[in-house]
Amino acid sequence: FFRDIQAKMDAISLVLKEIIPGLTINLKKLSTSLNKRGEEIVKAEIIAKRANIEIPLRYESDGVKKLVSILYLVACYNRESYCLVVDELDSGIYEYLLGECLEVMQDKAKGQLIFTSHNLRALEVLNNKDIMFTTTNENNRYIRFKNVKANNNFRDVYFHDILLGGQNECIYEATNPYMIARAFRLAGDENAE
């Protein structure tokens, strides 16, 4: 089992070092013991390595850990029968790198990737027919945008439609920046009741 996981780490490192230049991961054997049936038990830890410096993966940034955890993208990229679902794919990942990965997946992946994101970089790199938005209408939660032309900047269309409407459903419940500022001021006023 240890060797199988070590082989998976090697495969992940092939991709990881291209996404984050010079970074690889491996499985480091910390100790071995025998269980009561005489089978070998291996205690191991995932190690991140850059420029001959090794540290436990748990001490890496959240973004690096997120990238390692979603490198199931390898299976999604290579297998037609694979569907990977990731909540908040963008969490902790540099915006430009997110776009690079999404472009590669869109252009060449055999499987299907379904994800949520708060980062709007996806709007700049993905085909608008492949993007769905949540709405404020609980009876019609997901829509595709209408009236998006090939030469439109989808990110600009998104902001335009938040401000001025243009879709069949509301995609953002309007807020008032003056009321937000007032709330901040009142919350910080020690004399307010």
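As shown above, the structure is provided for reference.
Residues numbered from 1 in each chain as written. Predicted model: local features only at pLDDT ≥ 70, side-chain atom pairs only at ≥ 80, totals over all residues. Heavy atoms only, no water.

Asks: Can you help me understand helix H6 (residues 154–164) in this one?
Replies: Each full turn of the α-helix corresponds to 3.6 residues, which orients residues three or four apart in the same direction. Looking only at H6, the buried set comprises Phe154, Val157, Tyr158 and Asp161. The buried residues of H6 occupy one face: seen down the axis, they fall within an arc of 100 degrees. For H6, the exposed residues lying more than 90 degrees away from the buried face are Leu163 and Leu164. Where H6 is buried, its residues meet helix H5 (121–125) and strand S6 (133–134). With a side-chain oxygen lying 2.9 Å from the backbone nitrogen of arginine 155, the N-terminal cap of H6 falls on asparagine 153. Glycine 165 sits one or two residues past H6 and shows a positive phi near 80 degrees. (Buried < 20%, exposed > 50% of the residue type's maximum accessible area, 1.4 Å probe, protein only. Helix = DSSP H or I, 4+ residues; strand = E, 2+ residues; numbered from the N terminus. Arc of directions from axis to C-beta. Contact = heavy atoms within 4.5 Å. Polar contact = N/O pair within 3.5 Å; in protein donor to acceptor, adjacent residues only side chain to side chain.)

Asks: Looking at this structure, I do not really get the nonpolar core. What am I missing?
Replies: By size, the foremost hydrophobic cluster in this structure holds 41 residues, and its most contacted members are Ile25, Phe133, Phe145 and Phe154. Secondary structure elements with two or more residues in this core: helix H1 (2–19), strand S1 (24–34), helix H2 (62–69), helix H3 (73–78), strand S4 (83–86), helix H4 (95–108), H5 and H6. With near-sequence residues (within four places) excluded, phenylalanine 145 lies in contact with Phe133, Phe154, Val157, Tyr158, Asp161, Gln167 and Ile171. (Core = buried A, V, L, I, M, F, W, Y, C linked by side-chain atoms within 4.5 Å.)

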